[in-house]
Amino acid sequence: MTIHSLLSQQHRDCDLLFERCRLALQDGNWPAAESAFNQLQQDLIAHIALEEQQLFPAFERATGQTQGPTAVMRLEHEGMQSRLTRIPELLQQRDAPTALALLADVTELLAQHNRKEERILYPWCDQLLPELSARLDAVSLPH
């Protein structure tokens, strides 16, 4: 398994959880929305940790670039995570319109972010870090 294939699959898994949460919110199914969001948050945190603790440092060592693409990815991770921290309160308040709007905002940011990783960073990492693929292959998301 390559870095690209593994981490791209994790992106798809998170996309499905975003969609499950969105549909549950639209249906007013609060338990399902909370369940999907909790799993999404758990998986996204695990995915980001994998990138920030393993992939990005390995990339930075291999390239000498610490203020390049990985710096941008970290900033985008922070932006998405800060938005996501508001959703549990919105779910608790049963504020579907605001939760849906925020979820749509994060989904769009995440789609743009994922495209950059999948088109640029991951292929580059596959070329530079073939030994990392074997270590990451053993890692899976919590769900």
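Overview of the structure. The written sequence of each chain sets the order in which its residues are numbered from 1. pLDDT decides what is reported in this predicted model: residues at 70 or higher carry local features, side-chain atom pairs at 80 or more are listed and counted, and totals for whole chains, interfaces and linings draw on all residues regardless. Note that water and hydrogens are dropped before the side-chain values are worked out from all heavy atoms of the structure.

1. Quick word on the environment of Leu16
Okay, step 1: Position of Leu16 among the secondary structure elements: in helix H1 (residues 3-27).
Okay, step 2: Accessible area is worked out with a 1.4 Å probe on protein chains only. A residue is then buried under 20% of its type maximum, exposed over 50%, and partly exposed in between. In this structure Leu16 comes out as exposed when scored by relative accessible area, which is 57%.
Okay, step 3: With 24 residues separating them along the chain, Leu16 and Leu40 place their C-alpha atoms 8.8 Å apart. Elements are defined by DSSP. Helices are runs of H or I of four residues or more, strands are runs of E of two residues or more, and each kind is numbered from the N terminus.

2. Structural notes on unusual backbone geometry
Okay, step 1: One non-glycine residue with positive phi stands out, namely Arg94, at about 60°.
Okay, step 2: Looking at the element boundaries, Arg94 is found in the loop between helix H4 (87-92) and helix H5 (96-128).
Okay, step 3: Look at Arg94 and you get partly exposed, because its relative accessible area is 41%.

3. Examining the environment of Arg20
Okay, step 1: Mapped onto the elements of the fold, Arg20 is located in helix H1.
Okay, step 2: Judged by its relative accessible area of 48%, Arg20 is partly exposed.
Okay, step 3: Linking Arg20 and Pro57, residues 37 residues apart in sequence, is a C-alpha distance of 33 Å.

4. Observations concerning the packing of helix H2 (residues 30-63) against helix H3 (residues 69-84)
Geometry of a packed helix pair, given as the angle between the helix axes and the separation of the axes.
Okay, step 1: To define axes, lines are fitted to C-alpha atoms, for helices over the stretch in contact only, and angles between the resulting N-to-C directions are given on a 0 to 180 degree scale. Contact geometry of H2 with H3 gives a least axis separation of 11 Å together with a crossing angle of 165°. One element, H2, and the other, H3, form an angle in the roughly antiparallel class. As for how H2 packs across H3, the hand of that crossing is left-handed. Residues Phe37, Gln41, Leu44, Ile45, Ile48, Glu51, Glu52, Phe56, Pro57, Phe59 and Glu60 of H2 lie in contact with H3, whose contacting residues are Pro69, Thr70, Met73, Arg74, His77, Gln81 and Leu84.
Okay, step 2: When its residues are assigned to classes, the contact of H2 with H3 shows 10 nonpolar, 4 polar and 4 charged. Under this scheme an angle from 65 to 115 degrees is roughly perpendicular, one under 35 degrees roughly parallel, and one over 145 degrees roughly antiparallel; angles in between are oblique. Less than a right angle of anticlockwise turn of the near helix away from the far helix marks a crossing as left-handed, whereas a clockwise turn marks it as right-handed. Residue contacts follow a heavy-atom distance rule, with two residues in contact if any of their heavy atoms lie within 4.5 Å. Each residue gets one label: Ala, Val, Leu, Ile, Met, Phe, Trp, Tyr, Cys and Pro are nonpolar, Asp, Glu, Lys and Arg are charged, and the others, such as Gly, are polar.

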